[in-house]
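Here are the chains, one letter per residue:
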Amino acid sequence: MSTKPHILVVFGSTRQGRRGDVVVDWLKDRLATRTDATFEFVDLREIPLSFFDSPASPARGPVAPEAEQWAEQVDLADGFIFVTPEYNHSYPAVLKNALDHLYMQWVHKPGAIVSYGGLSAGYRAAEQLRLVLVELKMVPIREQVGLSLVPGIVPNVTTRSDEPGGAFLDRSFNGMMTELLWWANALTPARERDREQQG
Ligand SMILES: Cc1cc2nc3c(=O)[nH]c(=O)nc-3n(C[C@H](O)[C@H](O)[C@H](O)COP(=O)(O)O)c2cc1C
């Protein structure tokens, strides 16, 4: 078994003509150079879940049969990067639904956020998402990347590293990854210990 943390990158926009692919591509480029973790990308378009309607919360009841594969993917992860746009001061309902379908698979794992949007750069979506991560007993990572897709606003995904906006973006990304992997490395053995104790 690999000792490197396995990080699942969850892309939370499924809308037609979405603009977030540019953000995911930027993140893929950044993560491709890292050897301190393994990364898997999941596009919620490929996880077709109906609106959560199980009789019990997955915290107390079984995962819905349609969410079993999703549960397996999340269960195997040691941490997450949520790539989320901002819709009406929050994050998309499709991402909330994907979170609500599971519970135990999220618990005691760190979650980092790459947000994007208009002038807000998705920071308000990220704030709301953090509250939900706490409820799922996750560790929300303070350091985040926020990208405004409004042309000319800094930071912008097209900004180069040798420009001021690019340097800011580098710092945000590196800070987020340092914290995410610190927590992933700290929590993975703790979860293993819990599993052993539970037999
Ligand atoms: C329904 C909807 C609501 C939005 N609300 C906000 C908002 O509250 N704040 C903001 O900065 N941008 C907002 N935007 C702009 C989006 O963040 C921007 O269009 C972004 O590209 C959406 O991501 P996507 O194209 O990958 O789905 C909104 C867009 C949509 C479609």
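Everything that follows concerns the structure shown earlier in this document.
Please read all numbers here as calculations on a predicted model, not as lab measurements. (Residues numbered from 1 in each chain as written. Predicted model: local features only at pLDDT ≥ 70, side-chain atom pairs only at ≥ 80, totals over all residues. Heavy atoms only, no water.)

Caption draft 1: Geometry of the site of the ligand. As a structural note, the neighbourhood of the ligand is formed by 17 residues, with S13, R15, R19, Y87 and Y116 the closest of them. R19 is positioned such that a nitrogen or oxygen atom in its backbone is 2.7 Å from an oxygen atom of the ligand. One nitrogen or oxygen atom from the side chain of Y116 is found 2.6 Å from an oxygen atom belonging to the ligand. In isolation the ligand offers 620 Å² of accessible surface; the protein chains occlude 74% of this area. (Near = heavy atom within 4 Å. Polar contact = N/O pair within 3.5 Å; in protein donor to acceptor, adjacent residues only side chain to side chain. Areas by Shrake-Rupley, 256 points an atom, 1.4 Å probe, with all protein chains shown as cover.)

Caption draft 2: Seen up close, the packing of helix α3 (residues 93-100) against helix α4 (residues 123-135). Between α3 and α4, the shortest axis-to-axis distance is 11 Å and the interhelical angle comes to 10°. Relative to α4, α3 is oriented roughly parallel. Of α4, the residues touching α3 (which contributes L95, K96 and L99) are L129, V132 and L133. Within the contact of α3 with α4, the residues separate by chemical class into 5 nonpolar, no polar and 1 charged. (Axes fitted to C-alpha atoms, helices over the stretch in contact; angles between N-to-C directions. Helix = DSSP H or I, 4+ residues; strand = E, 2+ residues; numbered from the N terminus. Parallel < 35°, antiparallel > 145°, perpendicular 65-115°, else oblique. Contact = heavy atoms within 4.5 Å. Nonpolar A, V, L, I, M, F, W, Y, C, P; charged D, E, K, R; others polar.)

Caption draft 3: Structural context of the pairing of strand β2 (residues 38-43). Here 6 bridges tie strand β1 (residues 6-11) to β2, and the two strands are oriented parallel to one another. Across the sheet, V10 pairs through a bridge with V42, a residue of β2. Between β1 and its parallel partner β2, the chain crosses via helix α1 (residues 21-32), and the hand of that crossover is right-handed. (Pairing = 2+ DSSP bridges. Right-handed = clockwise from strand over helix to strand, strands pointing away.)

Caption draft 4: Main features of the side chain of S148. Within the secondary structure, S148 is located in strand β6 (residues 145-148). Within the structure, S148 has its side chain in polar contact with the backbone oxygen of G118 (distance 3.0 Å). Polar contacts involving the side chain of S148 include one to the main-chain amide nitrogen of V150, which spans 3.1 Å.

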